[in-house]
Amino acid sequence: MNTGEKVLSGMQASGRVHLGNFVGALQNWVRLQERYDCYYFIADWHALTTGYANPGALTESVNDLLINFLASGLDPDRCTIFIQSQVPEHAELHLLLSMITPLGWLERVPTYKEKQQELKERDLSTYGFLGYPLLQTADIIIYRAKYVPVGVDQVPHLEISREIARRFNNLYCKEIFPEPDALLTKFPKVPGIDGRKMSKSYGNAIYLSDSPKEVEQKIRTMMTDPARVKRTDTGDPELSPVYQLHKVFSSQEEQDEVAAGCRTAGIGCIDCKKILIRNVLRVLEPIWSKREELIHDPARLRHIIEKGTKKAREAAAETMVLVREAMGLYQP
Ligand code: TRP
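First things first, this report covers the structure right here in the doc. This structure is a prediction, so every number in the text was calculated from the model and none was measured.

Consecutive residues of a regular strand have side chains that alternate between opposite faces of the sheet. The pairing of strand β4 (residues 147-150) with strand β5 (residues 181-184) spans four bridges and is parallel. Residue pairing in the sheet places Val150 in a bridge with Leu184 of β5. For the segment spanning β4, helix α9 (residues 155-171) and β5, crossover handedness is right-handed.

The following block contains the structure:
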């Protein structure tokens, strides 16, 4: 049953989608579309906050992200899919919220300093980058969304969104914005092929656009418990990134089997990887065939985005009438 409550989430268009994004976000989004009135969008403005010097890659990223949304199972008949920059009301709300947002609130969001450290080669001492969580707040509250499915890394952003919604309501004595809640995902950290969190910047990711050969290659070359040198050495599955991926992609029986096999040297690392390869391919195969279909149907992609954008703009415009009124702005 659909409760009619609003869910909103976005994904930044900054490169290819990997299995971590799929398991950590998209799979969850797909499940939610049965129960809620879901809005899912491609955050192309957010991609520019860090990628402003290289806009050439953006068009391709946006298109690929849309294809991956649909190939992962988002259904344009059951949720609203759109592109952030096609709904300029987000920018208007961002501007108006900037009037009431103390600088200190933005400066103390932990991702602000962390990302600047991480991306030292880019100049992120910009106004737009500081405002990243404020733009994200506008994205969410313009739909008066109740739930925001995100990973734990986004919790500080949700916290500031709640604070800003509360501040707005208090300042203008109107309950316009509900405070959004995070819906945390079951697999917040999918390990990459080196055991660290799967991430584009670590070069350890398996992408939805990889070929079956590439996926197989990547898993075959994965590290396992370093103590298992010979086939007859026993190992500790917890020290093996392969086992961490089994936890995400394999059944409970298979997990138990490979864990016991690892501890007793009853199974070799190659065979353990073969089971994982089979399970990962099983998840990816339907995505690949849908991707193939969609890549060759730009008219359908355009139609989906046009329809989603229209619906999103209507919802956003309704909220903006209330916001302009609350802030004393002229309205015809
Ligand atoms: N910051 C999110 C990310 O990096 C993307 C995003 C932008 C978002 N606006 C949002 C997520 C609103 C949820 C709600 O993936």
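From this point, things continue past the structure.
Moving on, we get to the environment of Arg78. Tracing the backbone through its elements, the reader meets Arg78 in the loop between α3 (58-71) and β3 (79-83). Through-space distance from the C-alpha of Arg78 to that of Gln33 is 6.2 Å; in sequence the pair is 45 residues apart. Each residue touching Arg78, except ones within four places of it in the same chain, is listed here: Gln33 and Glu34. Here Glu34 takes part through its side chain, which lies 2.6 Å from a polar atom of the side chain of Arg78.

Turning our attention to the nonpolar core. Soluble globular proteins: nonpolar side chains tend toward being buried together. Grouped together as the largest cluster of nonpolar side chains are 60 residues, with contacts concentrated most on Leu19 and Phe69. Counting residues domain by domain, this core receives three or more from each of domain 1 (6-190 + 298-327) and domain 2 (212-292). Not counting residues up to four positions away in its chain, the partners in contact with Phe69 are Met11, Leu26, Trp29, Tyr40, Phe41, Ile42, Leu74 and Ile81. Counting residues in hydrophobic clusters, the runner-up holds 41 residues, among them Val109, Val148, Val150 and Ala165.

It is worth spelling out α3 at this point. In this model α3 runs 20 Å from its N-terminal to its C-terminal C-alpha over 14 residues, within 8% of the 20 Å that 1.5 Å per residue would give. Here α3 lies mainly inside the structure; eleven of its 14 residues are buried. Turning to α3, its buried residues are Leu58, Ser61, Val62, Asp64, Leu65, Leu66, Ile67, Asn68, Phe69, Leu70 and Ala71. Note on α3: the residue one or two positions beyond its end, Gly73, has a positive phi of about 115 degrees.

For the rest of this paragraph, the subject is the pattern of salt bridges. A complete count under the given rule lists 20 salt bridges for this structure. In this structure, Glu238 and Lys247 form a salt bridge, with 3.1 Å as the shortest nitrogen-oxygen distance. Overall, the relative accessible area of 43% leaves Glu238 in the partly exposed class. In this structure Lys247 comes out as partly exposed when scored by relative accessible area, which is 31%. For the salt bridge of Arg278 with Glu254, the shortest nitrogen-to-oxygen distance reads 3.1 Å. Here Glu254 lies in helix α12 (residues 252-264) and Arg278 lies in helix α13 (residues 269-295), a separation of 24 residues in the sequence.

Two numbers describe how helix α11 (residues 241-249) lies on α13: the axes approach to 10 Å, and their chain directions differ by 40 degrees. As for how α11 packs across α13, the hand of that crossing is left-handed. In this structure, α11 uses Val242, Leu245, His246 and Phe249 to contact α13, whose residues at the interface are Cys272, Lys273, Ile275, Leu276, Asn279, Val280 and Val283. Looking at the contact of α11 with α13 residue by residue, the classes come out as eight nonpolar, two polar and one charged.

Here we take up the pairing of strand β2 (residues 37-43). Counting buried positions along β2 yields six of seven residues, so the element is predominantly enclosed. Once the chain exits strand β1 (residues 6-12) it traverses helix α1 (residues 19-32) before rejoining the sheet at β2, and the crossover so formed is right-handed.

Below, the discussion takes up the site of the ligand. Taken together, the neighbourhood of the ligand is formed by 14 residues, with His46, Tyr132, Gln136, Asp139 and Gln154 sitting nearest. Within the side chain of Gln136, an N or O atom sits 2.9 Å from a nitrogen atom of the ligand. Interatomic distance of 2.7 Å between a side-chain N/O atom of Asp139 and a nitrogen atom of the ligand. Relative to its free-state accessible area of 370 Å², the ligand is covered by the protein chains to the extent of 88%. For the shell around the ligand, the secondary structure elements donating two or more residues are β1, β2, α8 (132-141) and β4. Of the residues in the shell around the ligand, the class split is seven nonpolar, six polar and one charged.

Further remarks concern the environment of Arg220. Mapped onto the secondary structure, Arg220 falls in helix α10 (residues 212-220). On the accessibility criterion, Arg220 (37% relative accessible area) is partly exposed. The contact partners of Arg220, leaving out residues within four places of it in the chain, are Ile270, Lys273, Lys274 and Ile277.

With respect to the helices, strands and loops of the structure, Gln136 is situated in helix α8. Contact partners of Gln136, with chain neighbours within four places excluded, come to His46, Gln154 and His157.

Turning our attention to α8. Of all ten residues making up α8, ten are buried, and the element is well covered by its neighbours. Buried within α8 are the following residues: Tyr132, Pro133, Leu134, Leu135, Gln136, Thr137, Ala138, Asp139, Ile140 and Ile141.

Cut-offs used in this document
- Counting starts from 1 at the beginning of each chain's written sequence and moves along it residue by residue.
- Given that this is a predicted model, residues contribute local features only at a pLDDT of at least 70 and side-chain atom pairs are listed and counted only at 80 or more, while totals for whole chains, interfaces and linings are drawn from all residues.
- As a rule here, side-chain values cover all heavy atoms of the structure and leave hydrogens and water aside.
- The pairing criterion is simple: DSSP has to find at least two bridges between the two strands.
- Secondary structure elements follow DSSP: runs of H or I of four or more residues count as helices, runs of E of two or more count as strands, with numbering from the N terminus.
- For the handedness criterion, the strands are oriented away from the viewer, and a crossover whose path from the first strand over the helix to the second runs clockwise is classed as right-handed.
- By definition, residues are in contact when any of their heavy atoms lie within 4.5 Å.
- Polar contacts, as used here, are pairs of N or O atoms within 3.5 Å; protein pairs need one atom able to donate a hydrogen and one able to accept it. Residues neighboring in sequence count only if both atoms are side-chain atoms.
- As used in this record, nonpolar core signifies buried Ala, Val, Leu, Ile, Met, Phe, Trp, Tyr and Cys residues forming a set joined through side-chain atoms within 4.5 Å.
- For each residue, the accessible area found with a 1.4 Å probe, counting protein chains only, is set against the maximum for its type, and the residue is called buried under 20%, exposed over 50%, and partly exposed in between.
- Where each domain starts and ends follows an automatic or database-derived domain assignment.
- For a helix, the expected span equals 1.5 Å multiplied by the number of residues minus one.
- When a carboxyl oxygen of Asp or Glu is within 4 Å of a side-chain nitrogen of Lys or Arg, the pair counts as a salt bridge.
- For helices, the fitted axis covers only the stretch in contact; all axes are lines through C-alpha atoms, and the angles between them, taken along N-to-C directions, range from 0 to 180 degrees.
- Should the near helix be turned anticlockwise from the far one by less than a right angle, the crossing is termed left-handed; should it be turned clockwise, right-handed.
- Polar here means any residue other than Ala, Val, Leu, Ile, Met, Phe, Trp, Tyr, Cys and Pro, which are nonpolar, and Asp, Glu, Lys and Arg, which are charged; Gly is therefore polar.
- Proximity is defined per residue: if any heavy atom of the residue lies within 4 Å of a molecule or strand, that residue is considered near it.
- Per-residue accessibility takes into account occlusion by the displayed protein chains alone, with areas from the Shrake-Rupley method and a 1.4 Å probe.

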